[in-house]
Amino acid sequence: MRLTCMFSFILLFGAVGLVVFIHLQDPEEIVHQQTPGIKYNMGFQEPKKDCVSSDNQDRRLRKNTADRAATVKQSNSLEPSESVPTKLQSTDRRQSSIMFAMKDQQKGEEINSIKLHKRRRRFIIKKSPILISMNSSILNLPTLKYEDRNNSKWKSLYEIQGERKRIMRETCSKYKSNNRRIITPYHVSRIFVEDKYRVLYCEVPKAGCSNWKRVLMVLNGLASSTKDIQHNTVHYGNYLKRLDGFDHKGIYHRLSTYTKMLFIREPFEKLVSAFRDKFEHPNNYYHPVFGKAIIARYRVNATKEALRTGSGVKFKEFIQYLLDVHRPVGMDIHWDHVNRLCSPCLIDYDFVGKFESMEEDANFFLHLIGAPQNLTFPKFKDRHSDEERTTTKITQQYFAQLSPSQRQQSYDFYYMDYLMFNYSKPFEDLY
């Protein structure tokens, strides 16, 4: 009798413990125990993609629009805030519609599902990148003023812009098979914003970026003259806003209405300019971070002093690092591809300038956006001003230190930039 009572007490205690455990269990962990026939939160089961084709995106946008209209008719109170991305909104509304169709006896499960859905939605909004389905401005390149149409100089420069954009689009269409039309804040992280004249500038290092930032600061009223702005103020003052610092509405609005421009430079020449600046002059970042790793990896019998300081990197060693798929240290914006920095196949730039024709292109752009007539692009070189600018002749001298194979591999490395921006092969033996 005593044994039977003890056994019954143990069973009762176990049953009570099981009930308490079920009530305390996180709903996310028992989501598969919901009523059969209701697929829980199916909108979030698709694999996450960075980008999709423009056709797929158009169909998805049309479907989202239909979902939004159907849901508004049922209940305005269930519409999510405007800051929720379109995909999440349509999924939320489909979930809400399912909830309304459930029977009264399922109300308890309905409440738990709504709570869980809201919790999961907040998590996804926090973790997922903002997707923007717009990358070309409405106006594209500003049209020439009526009085400029008979000006042969402005007309010629305008036609050159059309040709540059055509080549860029054709290259993207030919070689970028996915033709991605969705961009995230990552893709616009190098774009600076000037709201007064509605300009977006993608920074390409060693292609006049310091002086372009000075121009943007003057346009924004932060300085009266480009000559008044020091180099450190330009790069470390944080006076200019970046596009990825805005919310998704701010990014979308500026991409679709502002004039987007970038300036590029012959890839080999830009590379040599970066090498001279970062490795042939004292530098308390590039020497210890890049120099030490490059010397340790590619220099035979390196001295202790060289390994300690990272100073004295040779151009051939630098190229070995650049071409190594297992680099001892990562890439840097000063020698990365323009194709990666500015995503010209994702963002439809309205103006493409070249460093080789900087003064003419830059002042034409300022004329197009209606900048003050006394503002012209600065010509001065504020770093190592006593040193000659990197020219085609200097570039060839550096690349003469390499073997034909290394020159070919370097050309292959920057091939898309050469093709997209219509630069000729820098050496005759390249193929």
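First, a word on what this report is: a plain description of the structure on this page. (Residues numbered from 1 in each chain as written. Predicted model: local features only at pLDDT ≥ 70, side-chain atom pairs only at ≥ 80, totals over all residues. Heavy atoms only, no water.)

## Quick look at the overall build of the protein
Summing up its helical and strand segments, the protein has 17 helices and 5 strands in all. Per-residue burial over the protein gives 45% buried out of 431 residues. Long-range contacts, defined as pairs at least 24 residues apart, comprise 72% of the intrachain contacts of the protein with a sequence gap of at least 6. Carbon together with sulfur atoms contributes 53% to the accessible area of the protein, which is approximately 24,500 Å² in total. (Helix = DSSP H or I, 4+ residues; strand = E, 2+ residues; numbered from the N terminus. Buried < 20%, exposed > 50% of the residue type's maximum accessible area, 1.4 Å probe, protein only. Contact = heavy atoms within 4.5 Å. Areas by Shrake-Rupley, 256 points an atom, 1.4 Å probe, with all protein chains shown as cover.)

## Some words on the sheet that holds strand 2 (residues 199-202)
Reading across from one edge, 3-1-2-4-5 is the order of the 5 strands in this open sheet, with mixed pairing throughout. Lying at the two open borders of the sheet, with one neighbouring strand each, are strand 3 (241-242) and strand 5 (351-354). In this sheet, strand 4 (residues 259-264) lies alongside strand 2 in parallel orientation, the contact comprising 4 bridges. What sits directly across from Cys202, in strand 4, is Leu262. Running over the sheet, helix 14 (residues 358-368) touches strand 2, strand 4 and strand 5 and is turned about 155° from strand 5. (Pairing = 2+ DSSP bridges. Axes fitted to C-alpha atoms, helices over the stretch in contact; angles between N-to-C directions.)

## Regarding the pairing of strand 2
Of the two faces of strand 2, the one holding Val199 and Tyr201 and the one holding Leu200 and Cys202 are both buried throughout. Of the strand pairs in this sheet, strand 1 (residues 191-194) and strand 2 are connected by 4 bridges, and their pairing is antiparallel. Bridge pairing links Val193 to Leu200 in strand 2. Turn length for the strand 1-strand 2 hairpin, with the two strands adjacent in sequence and antiparallel, is 4 residues, and the turn residue Arg198 shows positive phi of about 60°.

## Let's talk about the pattern of salt bridges
Counting across every chain of the model gives 19 salt bridges. A salt bridge links Glu163 to Arg166; its shortest N-O distance comes to 2.4 Å. Taken together, the residues span about one helical turn, with Glu163 and Arg166 both in helix 5 (residues 152-175) at a distance of 3 residues. A salt bridge links Glu387 to Arg276, with the nearest nitrogen and oxygen atoms 3.5 Å apart. Placement of the pair is Glu387 in the loop between helix 14 and helix 15 (392-399) and Arg276 in helix 9 (residues 267-279), with a sequence separation of 111 residues. A residue is classified by how much of its surface remains accessible, and Arg276, at 9% relative accessible area, is buried. In this structure, a network of salt bridges that share partners links the residues Glu163, Arg166 and Glu170. (Salt bridge = Lys/Arg side-chain N within 4 Å of Asp/Glu carboxyl O.)

## Thoughts on the packing of helix 5 against helix 14
Between helix 5 and helix 14, whose axes approach to 11 Å, the crossing angle comes to 100°. Put simply, helix 5 runs roughly perpendicular to helix 14. Of helix 14, the residues touching helix 5 (which contributes Lys153, Trp154, Leu157, Tyr158, Gln161 and Arg164) are Glu360, Asp361, Phe364 and His367. Considering only residue class, the contact of helix 5 with helix 14 consists of 4 nonpolar, 2 polar and 4 charged. (Parallel < 35°, antiparallel > 145°, perpendicular 65-115°, else oblique. Nonpolar A, V, L, I, M, F, W, Y, C, P; charged D, E, K, R; others polar.)

## Some thoughts on the environment of Leu222
In this structure, Leu222 sits in the loop between helix 6 (209-219) and helix 7 (231-236). On the basis of relative accessibility, which here comes to 39%, the residue Leu222 falls in the partly exposed class. Along the chain, Leu222 and Leu240 lie 18 residues apart, while their C-alpha atoms are 9.4 Å from each other. Ignoring any residue separated from it by four or fewer positions in sequence, one finds Leu222 in contact with Met217 and Tyr239.

## Here we look at the side chain of Asp348
Mapped onto the elements of the fold, Asp348 is located in the loop between helix 13 (338-342) and strand 5. You can call Asp348 buried: its relative accessible area is 17%. Side-chain polar atoms of Asp348 contact the side chain of Lys165, separated by 3.5 Å. (Polar contact = N/O pair within 3.5 Å; in protein donor to acceptor, adjacent residues only side chain to side chain.)

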